[in-house]
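# Structural description and commentary
Each chain, letter by letter, is given below.
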Amino acid sequence: MTIEDARKEIISSINNIYEKNEADNIAEIVMEHITRWSRIERVLNKDTPLSSFQKTSLNQTIDRLQQHEPIQYIINEAWFAGMRFYVDKSVLIPRPETEELVEWILKEFRIQNSEFRILDVGTGSGCIAIALKKKLPNAEVWACDVSDEALTVARMNADALNTAIDFVPLNFLDKEQRKQLPEVDIIVSNPPYVPQKEKNEMRKNVADHEPFVALFVPDSNPLVFYEAIAEFGKEKLTDGGKIYVEIHENLGEQVKQLFQSKAYNFIELKKDLQGKDRMIKVVFNS
């Protein structure tokens, strides 16, 4: 089997799971991982046979892909803000819309020369906190998560990317545990926001493989994390401090109204590049 044969085999094996463009992209990721060659190198050497080890790796990868396992978990790798992150099943896979949330913050704070403090709530892989620290070196960055396994991954990524982050294990929904967090100038979060009733409507590679605790919230209170963030902000945000959160595309107005009900006086709802309501910024003035 040649490199080109292998690429076609991957696409054929998952074309009933993914759309063509996504299947093509996954095939390229798999082949790069297996061969350790760039796309140009693979094109130039498309008739090169796979080694026995590469064939075994290919077959194992295809088996896992056919079980709807995300390619990022199979190769333990995802890219975010131009950086390579280690990921496994204990953390969400970083997504492009979350990069948009980070870029929104960077656009407003990149010229900030004075020191300031950021808190990332529910850090997962650490992608938000690390990307912000990389681009805003004057910031002191804190990050928390309820999952010890996720924090292990986040610390690993921070070390690999040479970023100093203060990681704190805690349940952010517990008011007492939140007391150990410092006063901050920015709160950022991509919290769980998918109502559990929507699980059956989601793609299997997400619903069956990514961590339940990082995705879903009770149907009875889908805004539970935004309530906690709003309460925490009134206690620990500096005057003029800002909150940036990712949101469910169908709950934008509800999240906006929640912050309004908590007396936050400037609220901006922003769409992502797909035209969906995806993030909100609020400003706190005491």
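Heads up: these notes are all about the structure in this document. (Residues numbered from 1 in each chain as written. Predicted model: local features only at pLDDT ≥ 70, side-chain atom pairs only at ≥ 80, totals over all residues. Heavy atoms only, no water.)

### Description of the packing of aromatic side chains
Scanning the model with the defined rule gives seven aromatic pairs in all. Measuring from centroid to centroid gives 5.5 Å for tryptophan 104 and tyrosine 244, while their planes differ by 80°, and the two rings are edge-to-face. Residue tryptophan 104 is found in helix H6 (residues 96-109), and its partner tyrosine 244 is found in strand S9 (residues 237-246); the two are separated by 140 residues along the sequence. Between the aromatic rings of phenylalanine 259 and tyrosine 264, the centroid separation amounts to 5.4 Å while the plane-to-plane angle is 80°, which identifies the pairing as edge-to-face. Grouped by ring-pair contacts, the aromatic residues Phe259, Tyr264 and Phe284 constitute a single cluster. Across from the ring centre of phenylalanine 172, 5.2 Å away, lies the NZ or CZ of arginine 178, which sits over that ring. Just above the ring of tryptophan 104 sits the side chain of lysine 270; from NZ or CZ to the centre is 5.4 Å. (Phe/Tyr/Trp six-rings, centres within 6.5 Å; stacked < 30°, edge-to-face > 60°. Helix = DSSP H or I, 4+ residues; strand = E, 2+ residues; numbered from the N terminus. Lys NZ or Arg CZ within 6 Å of the ring centre and 35° of its normal.)

### Concerning the environment of glutamine 260
Positionally, glutamine 260 belongs in helix H13 (residues 252-261). Glutamine 260 gets classed as partly exposed once you look at its relative accessible area, which sits at 44%. A C-alpha to C-alpha distance of 9.2 Å links glutamine 260 and valine 282, two positions 22 residues apart in sequence. (Buried < 20%, exposed > 50% of the residue type's maximum accessible area, 1.4 Å probe, protein only.)

### With respect to the side chain of glutamate 246
Relative to the helices and strands, glutamate 246 resides in strand S9. Separated by 2.8 Å, the side chains of glutamate 246 and threonine 98 make a polar contact. Ignoring any residue separated from it by four or fewer positions in sequence, one finds glutamate 246 in contact with Glu97, Thr98, Leu101, Ser189, Asn190, Pro191, Tyr193, Tyr226, Arg278 and Met279. (Polar contact = N/O pair within 3.5 Å; in protein donor to acceptor, adjacent residues only side chain to side chain. Contact = heavy atoms within 4.5 Å.)

### Looking at the nonpolar core
One finds Leu119, Phe172, Ile243 and Phe259 to be the most contacted residues of the largest nonpolar core, which totals 35 residues. Elements that contribute at least two residues to this core include exactly strand S3 (116-121), strand S4 (139-145), strand S6 (184-189), helix H12 (224-236), S9, H13 and strand S11 (277-283). The dominant element in this core, judged by the number of residues it contributes, is H12, at five residues. Apart from the residues lying within four places of it in its own chain, the contact partners of phenylalanine 172 are Leu119, Val121, Cys144, Arg178, Leu181, Ala228, Ile229 and Phe232. (Core = buried A, V, L, I, M, F, W, Y, C linked by side-chain atoms within 4.5 Å.)

### A look at the layout of surface pockets
If a probe the size of a water molecule is rolled over the atoms, the empty space left behind becomes visible. By volume, the largest pocket is sized at about 1600 Å³. What lines the largest pocket is a set of 47 residues, among which Pro94, Arg95, Pro96, Glu97 and Val206 lie closest to the centre. Where the lining of the largest pocket is concerned, the elements lending two or more residues are helix H2 (20-35), helix H5 (71-75), strand S1 (78-80), H6, helix H10 (204-207) and helix H11 (212-215). A per-element tally of the lining of the largest pocket places H2 first, with six residues. Here the lining of the largest pocket is built from residues that sort into 21 nonpolar, eight polar and 18 charged. (1 Å grid on protein atoms, 1.4 Å probe; cavity = no way out; pocket = protein on both sides within 12 Å on 5 of 7 lines; lining within 4 Å. Points joined across faces, edges and corners; volume = space filled by probe spheres on them. Nonpolar A, V, L, I, M, F, W, Y, C, P; charged D, E, K, R; others polar.)

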